[in-house]
Amino acid sequence: MLAFGRASLRPSHAAGGVASGAESTPGSAAFASGVAQTSPTAHARLDLQDAGSEAALRALRIIADARAAYGACDTYEDHGTYDEVFRADAGFTRTKEFRTVFAGPGAIRFAYRELPSEFNPEEFNQLVVGDAGTYSYSFHAAAPERGESLEMAVAGMTGISGGLVIDILPLLQTGLSVPSALDMEDARVIGAEDVDGTPCDIIEAVSRPAAPEHVRVWIAQSDSLIRRLSEDDVVPAEELRKMGSSDDPHSTFTTVTFHPKCNEPVAPESLRATDGSL
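The rules behind these values
- Residues numbered from 1 in each chain as written.
- Predicted model: local features only at pLDDT ≥ 70, side-chain atom pairs only at ≥ 80, totals over all residues.
- Heavy atoms only, no water.
- Helix = DSSP H or I, 4+ residues; strand = E, 2+ residues; numbered from the N terminus.
- Buried < 20%, exposed > 50% of the residue type's maximum accessible area, 1.4 Å probe, protein only.
- Contact = heavy atoms within 4.5 Å.
- Phe/Tyr/Trp six-rings, centres within 6.5 Å; stacked < 30°, edge-to-face > 60°.
- Lys NZ or Arg CZ within 6 Å of the ring centre and 35° of its normal.
- Pairing = 2+ DSSP bridges.
- Salt bridge = Lys/Arg side-chain N within 4 Å of Asp/Glu carboxyl O.

A look at the overall build of the protein
And step 1. Each helix and strand in the protein was counted, giving three helices and 11 strands.
And step 2. For the protein, the sequential pattern of α-helices and β-strands runs α-β-β-β-β-β-β-α-β-β-β-β-α-β.
And step 3. When the 278 residues of the protein are sorted by exposure, 51% land in the buried category.
And step 4. Of all intrachain contacts in the protein linking residues separated by at least 6 positions in sequence, the fraction that spans at least 24 positions is 59%.

Following this line, the structure appears as structure tokens:
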């Protein structure tokens, strides 16, 4: 069985978390309660009768509308940025640019470029599904690798992409049964905010009691598509010791911004592998 936890598969930290807020800062008290990602069926455990508050009920309705919106996309495209701040003593920032193109379960392309930083060179990776099969293209491989299945290829890219590859693809008509950006627990609506001029509802949640990961999702009121994700993640020293890492607590703050389009024409060339362009 494949392990697809966003947090556990991030390459540089055990818990991949992000949390940013409309009015709060990393580590602020405003993150005292929040949302979590667990399994593809986690949302099913949030029974409407047990949600407990109007904010939780609203969150469930908004998440359900978002799932329906993505499921209704016969075609889908997005592009955006992923910014991750490492807050340890040797703190640094890592930035990725990405693009998703979907025109059915047999026509998919996901690509991202990690920009060069103090600790990492520039990297470009892409996943392409077409008539010839499923292929992964890695910056360090001389030739593309054919995947046994889309699920296997996605599993291989989840960690190195920082979880980007599973934020949206499982919500589309891909047949993937893995966690997505909408799989969360204890979700509640905490307000509204414009993202790039688009009014959005903000849903907050928290995950993993052993290594809290505070999550926020901005979902557009107009089309129910995600415009922003944020996670605030702290991995305690005892968790790091279990993984054979340093004893210093590990903390990251990540923000992902999306510019999505649903059910608009997709250019055939946008589904083909490139030599480095998104």
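Focus on the side chain of Arg113
And step 1. Relative to the helices and strands, Arg113 resides in strand β3 (residues 108-114).
And step 2. You can call Arg113 buried: its relative accessible area is 15%.
And step 3. Excluding residues within four positions of it along the chain, Arg113 makes contact with Thr95, Lys96, Glu97, Glu122, Glu123, Phe124, Gly276, Ser277 and Leu278.

Focus on the packing of aromatic side chains
Think of a pair of aromatic rings as described by two things: how far the centres are apart, and how the planes are tilted against each other in angle.
And step 1. According to the stated counting rule, one finds four aromatic pairs in the structure shown.
And step 2. Considering the side-chain rings of Phe86 and Phe92, the 4.5 Å spacing of their centres and the 10 degrees angle between planes classify their relative orientation as stacked.
And step 3. For Phe86, a relative accessible area of 6% gives the class buried.
And step 4. With a centroid separation of 6.3 Å and 40 degrees between ring planes, the pair formed by Phe110 and Tyr112 is classed as tilted.
And step 5. Classification of Phe110 as buried rests on a relative accessible area of 2%.
And step 6. In this structure, Arg228 packs its charged tip against the face of Trp218, placed 5.0 Å from the ring centre.

Some remarks on the pairing of strand β4 (residues 123-130)
And step 1. Of all eight residues in β4, seven are buried, a share of seventy percent or more.
And step 2. Sheet analysis places β3 next to β4, joined by seven bridges and oriented antiparallel. Counterpart to Ile108 in the pairing with β4 is Val129.
And step 3. Inspection of the sheet shows β4 paired to strand β5 (residues 133-137) by five bridges, in the antiparallel sense. Bridging across to β5, Leu127 finds its partner in Ser136.
And step 4. Linking two consecutive strands that pair antiparallel, namely β4 and β5, is a turn of two residues.

A look at the pattern of salt bridges
And step 1. Considering all chains together, one arrives at 13 salt bridges under this definition.
And step 2. For the salt bridge of Arg113 with Glu97, the shortest nitrogen-to-oxygen distance reads 3.5 Å. Of the two residues, Arg113 sits in strand β3 while Glu97 sits in strand β2 (residues 92-102), which places them 16 residues apart along the sequence.
And step 3. A salt bridge links Arg188 to Glu204, with the shortest nitrogen-to-oxygen separation between them at 3.1 Å. Taken as a pair, Arg188 in strand β7 (residues 188-195) and Glu204 in strand β8 (residues 198-207) lie far apart in primary sequence, 16 residues in all.
And step 4. A network of salt bridges, in which partner residues are shared, links Glu84, Arg94, Lys96 and Glu114.

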